[in-house]
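Close look at the chain arrangement
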Amino acid sequence: MFYYVLKYVILGPLLRLLFRPRIEGLEHIPEQGAAIVAGNHLSFSDHFLMPAIIKRRITFLAKAEYFTGPGLKGRLTAAFFRSAGQIPVDRSGKDAGQAAIREGLGVLSKGELLGIYPEGTRSHDGRLYKGKVGVAVMALKARVPVVPCAMVGTFEIQPPGRVVPRIKQVTIRFGEPLDFSRYAGMEDQKAAIRAVTDEIMYAILGLSGQEYVDEYAAKVKAEQAEQAKKFPKR
């Protein structure tokens, strides 16, 4: 219930007023039935802007840190994400990926929309990074279409580290649903799930126009952080 109050009464109208999102390809979101919406991830604002313009309810797999933050801010953030129906996923440990897949398949089994950012984390520099294969595993196991999505301009309004977003128009693009039925029964084959993941990322790239980096964003972030420790700025 609170999800729809946020969407249609509180947050949705406010976001539309402030950011005047230009929406393209909304007709590609299926009116019913399970599907995955896979997008790039440039900003914390992405969590709110995309759901605000999609007519159907969409559930995202959100990082567990949003639900465990300290202090009043942490409690408010956790309450908001829970009320909005988002699912916490622990991204640490060797079983984290399997836990995320189980949660995602649970959403899809109910005929709902599942939102996912295949990069696994926000882009720290505005580029598009290599996708993790969980999205492909879920698409093949649940036998559902994947709708690619591109957020354009959200990095500029709220890059990592910026708390209050700049007020500026953004664009949200949806591409035609991707059908992977030709890979049926191949969800355990590494080559197949890598091919599906790369096809999804290529579709997102075509919509976003970003520069592509064939490495995982988390790995690049970690390497840059390590370099910063070794060679601190003076």
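Described in the following lines is the structure provided in the data block. (Residues numbered from 1 in each chain as written. Predicted model: local features only at pLDDT ≥ 70, side-chain atom pairs only at ≥ 80, totals over all residues. Heavy atoms only, no water.)

A look at the overall build of the protein
Looking only at helices and strands, the protein features 8 helices and 9 strands. Taking 17 Å as the expected radius of gyration for a compact globule of 234 residues, we find that the protein reaches 17 Å, a close match to that expectation. When its C-alpha atoms are laid out on the principal axes, the protein stretches across 55 × 50 × 35 Å. Contacts in the protein between residues at least 24 apart in sequence constitute 79% of all its contacts with a sequence separation of at least 6. A total accessible area of about 12,300 Å² is found for the protein, and carbon and sulfur atoms account for 56% of it. Distance between charge centroids for the protein: 7 Å, based on 34 positive and 23 negative side chains. (Helix = DSSP H or I, 4+ residues; strand = E, 2+ residues; numbered from the N terminus. Rg over C-alpha atoms; globule rule 2.2 N^0.38 Å. Contact = heavy atoms within 4.5 Å. Areas by Shrake-Rupley, 256 points an atom, 1.4 Å probe, with all protein chains shown as cover. Lys, Arg positive; Asp, Glu negative; His and termini not counted. Charge placed at Lys NZ, Arg CZ, Asp CG, Glu CD.)

Some details on unusual backbone geometry
Here Arg20, not a glycine, exhibits a phi torsion of approximately 40°, which is positive. With respect to the element layout, Arg20 can be found in the loop between α1 (2-19) and β1 (22-24). Here Arg143, not a glycine, exhibits a phi torsion of approximately 55°, which is positive. By the secondary structure assignment, Arg143 is in the loop between α5 (134-142) and β7 (146-152). We classify Arg143 as exposed; its relative accessible area is 65%. (Buried < 20%, exposed > 50% of the residue type's maximum accessible area, 1.4 Å probe, protein only.)

Details of the environment of Thr171
Mapped onto the secondary structure, Thr171 falls in strand β8 (residues 171-174). Between the alpha carbons of Thr171 and Pro21 there is a distance of 5.4 Å; along the sequence they are 150 residues apart. Once residues within four sequence positions are removed from consideration, Thr171 is found in contact with Arg22, Glu24, Ala150, Met151 and Val152. Within the local environment of Thr171, its side chain forms a polar contact with the side chain of Arg22, the two groups lying 2.8 Å apart. (Polar contact = N/O pair within 3.5 Å; in protein donor to acceptor, adjacent residues only side chain to side chain.)

Notes on the sheet that holds β7
Read across the open sheet, the 7 strands follow the order β1-β8-β7-β2-β5-β3-β4; overall the sheet is mixed. With one partner strand each, in any of the chains shown, β1 and β4 (87-89) form the two edges of the open sheet. In this sheet, adjacent strand axes meet at a mean angle of 25° when their direction is disregarded. Helix α2 (residues 46-53) rests against β1, β2 (35-39), β3 (58-63), β7 and β8 of the sheet, and its axis sits at about 60° to β8. Running over the sheet, helix α7 (residues 190-208) touches β2, β7 and β8 and is turned about 35° from β7. (Pairing = 2+ DSSP bridges. Axes fitted to C-alpha atoms, helices over the stretch in contact; angles between N-to-C directions.)

What to know about the packing of aromatic side chains
The full count for this structure, using the stated rule, is 3 aromatic pairs. Judged by centre distance (5.3 Å) and plane angle (70°), the rings of Phe44 and Phe48 are edge-to-face. Residue classification places Phe48 among the buried residues on the basis of a relative accessible area of 19%. Here the aromatic rings of Phe180 and Tyr183 are separated by 6.5 Å at their centres, their planes lie at 50°, and the arrangement is tilted. For the pair shown, Phe180 and Tyr183 are each scored as buried. (Phe/Tyr/Trp six-rings, centres within 6.5 Å; stacked < 30°, edge-to-face > 60°.)

By themselves these figures say nothing about function.
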